[in-house]
Amino acid sequence: MEKVVIIGTGCAGLTAALYTARANLKPLVLTGTMPGGLLTTTSIVENFPGFPEGVDGYDLMTRMQKQAERFGARVQFGTVESLDFSRRPIQLSVDGDPVETESLIIATGAGHRRLGLESETLLEKKGVTYCATCDGALPMFKNRPLVVVGGGDSACEEATYLTRFGSVVHLIHRRDSLRASQIMAERTLANPKIKPMWDSVVTEVFDVKKDKVSGVRVKNVKTSQEFTLDCAGVFVAIGHVPNTQLFKGVINMDENGYIIPVEGSRTNIPGVFVAGD
Ligand code: NAP
């Protein structure tokens, strides 16, 4: 039986792994489907303390894992399929195998929010993507007009990164100002290859019939005017949704699905803790 199982190997999961390992609890750390978490898909991270020149997201997560392993954390590729909190020890099914643990740390983070359009789903990986650093260099995007949707730091980062590949990057945002931090917003708006499109939303991605992205329909939310814009890629960067589906109905959450911590990092279930997003 395990003393501690940690679900998730993003920053929160690996930090929990480091501390529980140093407390000699030999944590079992389960990666889920994305070892290292979302940060592994980021290029340069400029706001992590201790790296004045910035650090590559993948490198940062690799270092965090090595640091936790150095003190006895066991990182295992595996996805938790179901949990039973009604018995002690806590029962988990990990890729079909049973795991028992005295305590559990949920660090499952968050996934990309989607626009919710049928055409978006049908053209995913055919020009619609949620990760510029993963897909931006694909030949299909080279010297072609690209679209980024969103107004936060992620959208700014994606748009800036994509100027390396696209002929022009249209940044489509539903309001008339960016949510992004001042420094990111200024850098983005100063880039001549980035064309902001304010008060606008994407209502359809073309062309499902051709099975690849050829453009988007854009609607101005103030005037309700609609027009089409040619592009070879649509990069959606509109925030995140927490990966907490597995705990629904058992662990207390808010209306957005974020787990509500009690007294720091406890949850409403004894022995179950939460960390990070
Ligand atoms: P975010 O800050 O929540 O921004 C999401 C953006 O998407 C907002 O501009 C929002 O519009 C828009 N949006 C949300 N739902 C939408 C929808 N259905 N349709 C159209 N637009 C929609 O998310 P984020 O940019 O991913 O950033 C998350 C956190 O990570 C932030 O704390 C950010 O600072 C941090 N981050 C930091 C860096 C960095 O420093 N290098 C890079 C990436 C992320 P509204 O503005 O109207 O709400």
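Everything below is about the structure shown above.
A. Up close: the layout of surface pockets. Its boundaries defined by the atoms lining it, the second largest pocket holds a volume of some 470 Å³. Along the wall of the second largest pocket there are 20 residues; nearest its centre are G150, G151, R174, I238 and G239. Contributing elements (two or more residues each) for the lining of the second largest pocket: helix 5 (153–162) and strand 14 (200–206). Of the residues forming the lining of the second largest pocket, the biggest block, three residues, is contributed by strand 14.

B. Region of the structure containing unusual backbone geometry. Cis geometry marks the peptide bond from R88 to P89; its omega dihedral reads -5°. Residue position: P89 is located in the loop between strand 6 (80–84) and strand 7 (90–94). Note that the residue after F206, namely D207, is joined by a cis bond; omega there is 10°. You can see D207 is positioned in the loop between strand 14 and strand 15 (215–220). The backbone of D95 sits at a positive phi, close to 50°, despite the residue not being glycine.

C. Structural view of the sheet that holds strand 13 (residues 194–197). The strand order across the open sheet built from five strands is 10-17-11-12-13, with neighbouring strands paired in parallel fashion. Each of the sheet's edge strands pairs with one partner strand only, and the pair in question is strand 10 (128–129) and strand 13. The sheet contact formed by strand 10 and strand 17 (residues 233–236) spans two bridges and is parallel. Bridge pairing links T129 to F235 in strand 17. Each of strand 11 (145–149), strand 12 (168–172), strand 13 and strand 17 is contacted by helix 5, which is oriented at about 170° to strand 11, the strand it contacts most.

Cut-offs applied
- Residues numbered from 1 in each chain as written.
- Predicted model: local features only at pLDDT ≥ 70, side-chain atom pairs only at ≥ 80, totals over all residues.
- Heavy atoms only, no water.
- 1 Å grid on protein atoms, 1.4 Å probe; cavity = no way out; pocket = protein on both sides within 12 Å on 5 of 7 lines; lining within 4 Å.
- Points joined across faces, edges and corners; volume = space filled by probe spheres on them.
- Helix = DSSP H or I, 4+ residues; strand = E, 2+ residues; numbered from the N terminus.
- Pairing = 2+ DSSP bridges.
- Contact = heavy atoms within 4.5 Å.
- Axes fitted to C-alpha atoms, helices over the stretch in contact; angles between N-to-C directions.

In short, geometric facts, not functional conclusions.
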